[in-house]
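A closer look at the structure
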Amino acid sequence: GSDVTPTNAVGSDATYDIATGGAGVVTVTQTNNNLGVLTITTAGNAALTASNGDITDSALDAASDINAAALTLNATGNLGTTAANSDIDTTVTSITANSTTAGTIVIDEVDALTVSGLTTIDGDITVTTDGQIVVSVNGDVAAGTNGTVNLTAANNSDIDVDATIASSGTGTVN
């Protein structure tokens, strides 16, 4: 598959439905407002950036939104939310996610997941998997001021931690 690199600089939300048909790299940049995901599918890596907004599940469903090898998410706002079916549903091997404001990070992974880093300035981080969670070396998870970190591995799966998981202020780690 070929690489796909759309950039949207218009002043409105944009929704993406992308399939590379192989191992192409998907790099999506939304410079204004929210980046909505219907489906992104590649055997390669995917990187999504919302420079001035949220990354959202546009379909508001439980179907996998992003299917890729390694996934990188960057937004000034939320990366999914805890509202019904508003999390980012993934089928990926590893994830790195960063909210540069008080945004939340809410990920629902279909199987095992390696966390290569999850950070938010002041928001909650919630990751749920149907398999093992590995927080890799240098893959720190930090919920910033007053944020709560919740990592849940279903089906009696392990959570292996090889990095720091932290919340400062009044936040908690569960």
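Residues numbered from 1 in each chain as written. Predicted model: local features only at pLDDT ≥ 70, side-chain atom pairs only at ≥ 80, totals over all residues. Heavy atoms only, no water.

1. Considerations on the environment of G24
Structurally, G24 is set in the loop between β2 (14–19) and β3 (26–30). With a relative accessible area of 0%, G24 lands in the buried category. Not counting residues within four places of it along the chain, the set of residues in contact with G24 comprises G1, S2, D3, T42, G44 and N45. (Helix = DSSP H or I, 4+ residues; strand = E, 2+ residues; numbered from the N terminus. Buried < 20%, exposed > 50% of the residue type's maximum accessible area, 1.4 Å probe, protein only. Contact = heavy atoms within 4.5 Å.)

2. What to know about the environment of L48
With respect to the element layout, L48 can be found in strand β5 (residues 46–50). Relative accessible area serves as the criterion here: at 0%, L48 is assigned to the buried category. Spatially, the C-alpha atoms of L48 and N34 are 11 Å apart, while their sequence positions differ by 14 residues. Contacts of L48, omitting those with residues within four sequence positions, involve V28, L35, V37, I40, I55, I66, L71, T72, L73 and N74.

3. As for the side chain of T90
The residue T90 is located in strand β9 (residues 88–91) in this model. In terms of polar contacts, T90 uses its side chain to reach the side chain of E109, at 2.5 Å. In this structure T90 touches S64, I66, L71, I107, D108, E109 and V110, once residues within four positions along its chain are discounted. (Polar contact = N/O pair within 3.5 Å; in protein donor to acceptor, adjacent residues only side chain to side chain.)

4. As for unusual backbone geometry
Backbone geometry places N155, a non-glycine residue, at a positive phi of 60°. Within the secondary structure layout, N155 lies in the loop between β16 (149–153) and β17 (159–161). One non-glycine residue, N156, lies in positive phi territory at about 55°. Among the structural elements, N156 can be located in the loop between β16 and β17. For N156, a relative accessible area of 83% puts it in the exposed group.

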